[in-house]
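Examination of the molecular architecture
What follows is each chain in one-letter form.
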Amino acid sequence: GVEAIREFRVMTHNFSAEYGGRAGAVVSAITQSGTNAFHGSVYEFWRNNVLDARDFFNVANAPDPSPLPAFRQNQFGASLGGPLRRDRVFFFGNYEGLRRRRGVPLIAIIPDLAARRGLIPTLNPATGQLEPRQFPVNPAITPYLDLYPVPNGNNFGDGLAEYVSDVSTAANEDYYMGRGDFQLSGNDSFYLRYVHNPSKIDDP
């Protein structure tokens with residue numbers, strides 16, 4: 001959570017003994033805590049596809065001008081902290097949500113229109129080239145061939161072609177953090193912290 005972090009530190013080498021047994025970098029983060037004054041915040045970060053660049057597959061396969069894949073992202077949250085007992089007991093709570101909808105191009109390899117009519121490129125032994133050859137199409141197969149969409153991408157010339165489509169991926173994430181700080185004396189204190197971070201991504 002953006003408002004849940006008070007400070008963080010990244011150590012890349014020369015760790016002290018308390019970080020023993022670690023290889024590579026160590027990231028240490030400290031969460032926010034309440035104080036003797038009430039403080040809170042409300043925020044949102046918003047993005048969409050207006051400033052995005054076109055994907056390679058959109059440029060190569062979509063109509064000219066190729067449309068930008070849809071992209072919507074909202075990251076929002078709120079926090080509140082303060083005293084429960086002045087100089088002794090403090091609370092802090094933070095919620096953050098992420099909602100993202102993004103268009104992603106998918107490429108499927110399907111029979112081209114000629115292959116559905118039984119016109120299949122076949123190797124001619126005499127010339128060593130692929131030449132179209134007519135094969136009978138069983139009428140029982142036709143309804144299943146009709147289930148395929150019309151190709152809109154590259155035709156490979158061997159009876160197969162590409163079908164490019166934009167599908168929507170959805171990501172929903174929630175972050176909850178609650179913390180209580182207890183100052184027992186000038187030298188002794190402790191805190192309790194609870195973090196819950198459920199998320200779900202639908203990726204066709």
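Our subject is the structure that appears above.
Okay, so let's go over this structure. Because the structure is a prediction, the values reported are computed rather than measured. (Residues numbered from 1 in each chain as written. Predicted model: local features only at pLDDT ≥ 70, side-chain atom pairs only at ≥ 80, totals over all residues. Heavy atoms only, no water.)

On to the overall build of the protein. Looking only at helices and strands, the protein features 3 helices and 10 strands. Traced from its N-terminal end to its C-terminal end, the protein shows the element sequence β-β-β-α-β-β-α-β-β-α-β-β-β. For 204 residues, the compact-globule formula gives about 17 Å, and the C-alpha radius of gyration of the protein, at 30 Å, lies well above that figure. Burial analysis of the protein (204 residues in total) assigns 25% to the buried set. For the protein, restricting intrachain contacts to residue pairs at least 6 apart in sequence, the fraction spanning at least 24 positions comes to 62%. Working note: accessible area of the protein is about 13900 Å², and carbon and sulfur atoms make up 56% of it. Positive and negative side-chain charges of the protein, numbering 19 and 21 respectively, have mean locations separated by a distance of 7 Å. (Helix = DSSP H or I, 4+ residues; strand = E, 2+ residues; numbered from the N terminus. Rg over C-alpha atoms; globule rule 2.2 N^0.38 Å. Buried < 20%, exposed > 50% of the residue type's maximum accessible area, 1.4 Å probe, protein only. Contact = heavy atoms within 4.5 Å. Areas by Shrake-Rupley, 256 points an atom, 1.4 Å probe, with all protein chains shown as cover. Lys, Arg positive; Asp, Glu negative; His and termini not counted. Charge placed at Lys NZ, Arg CZ, Asp CG, Glu CD.)

Following the sequence through the fold, asparagine 48 ends up in strand 3 (residues 39-48). A distance of 3.1 Å separates the side chain of asparagine 48 from the backbone nitrogen of valine 50, its partner in a polar contact. Apart from residues no more than four positions distant in its own chain, asparagine 48 is found in contact with Phe71 and Arg72. (Polar contact = N/O pair within 3.5 Å; in protein donor to acceptor, adjacent residues only side chain to side chain.)

Bringing the environment of arginine 100 into the picture now. Structurally, arginine 100 can be placed in strand 5 (residues 89-111). Judged by its relative accessible area of 22%, arginine 100 is partly exposed. Separated by 52 residues in the primary sequence, arginine 100 and asparagine 48 place their C-alpha atoms 9.5 Å from one another. Here arginine 100 is in contact with Phe71, Arg72, Gln73, Thr169, Ala170 and Ala171, once residues within four sequence places are set aside.

To continue, consider the pairing of strand 8 (residues 160-183). Where a strand is regular, its side chains alternate between the two sheet faces. Note that strand 5 and strand 8 share 23 bridges and pair antiparallel. Looking at strand 8, one finds that phenylalanine 91 is bridged to glycine 180. The pairing of strand 8 with strand 10 (residues 199-202) spans 4 bridges and is classified as antiparallel. The residue of strand 10 that forms the bridge with alanine 170 is aspartate 202. Bridge count between strand 8 and strand 9 (residues 189-196): 8 bridges; the pairing is antiparallel. Following the sheet pairing, methionine 177 is matched in strand 9 by valine 195. (Pairing = 2+ DSSP bridges.)

For the rest of this paragraph, the subject is the packing of aromatic side chains. In this structure the tally under the stated criterion is 5 aromatic pairs. Taking 6.3 Å as the distance between ring centres and 50 degrees as the angle between the ring planes, the aromatic pair formed by phenylalanine 76 and tyrosine 95 counts as tilted. Of the two residues, phenylalanine 76 is situated in strand 4 (residues 71-85) and tyrosine 95 in strand 5; the sequence distance between them amounts to 19 residues. Classification of phenylalanine 76 as partly exposed rests on a relative accessible area of 26%. Owing to a relative accessible area of 24%, tyrosine 95 belongs among the partly exposed residues under this scheme. Their ring planes at 45 degrees and their centres at 5.2 Å tell us that tyrosine 95 and tyrosine 176 sit as a pair that is tilted. Of this pair, tyrosine 95 sits in strand 5 while tyrosine 176 is found in strand 8, placing the two residues 81 residues apart along the sequence. You can call tyrosine 176 partly exposed: its relative accessible area is 37%. Taking the ring centre of tyrosine 191 as reference, the NZ or CZ of arginine 179 above it sits at 4.0 Å. (Phe/Tyr/Trp six-rings, centres within 6.5 Å; stacked < 30°, edge-to-face > 60°. Lys NZ or Arg CZ within 6 Å of the ring centre and 35° of its normal.)

Let us look at the pattern of salt bridges. On inspection of all chains with the given rule, the structure shows 2 salt bridges. A salt bridge links aspartate 181 to arginine 179, with the nearest nitrogen and oxygen atoms 2.9 Å apart. Of the two residues examined, aspartate 181 and arginine 179, each falls in the buried class. (Salt bridge = Lys/Arg side-chain N within 4 Å of Asp/Glu carboxyl O.)

Honestly, that's just the spatial picture; any functional story needs more than this.
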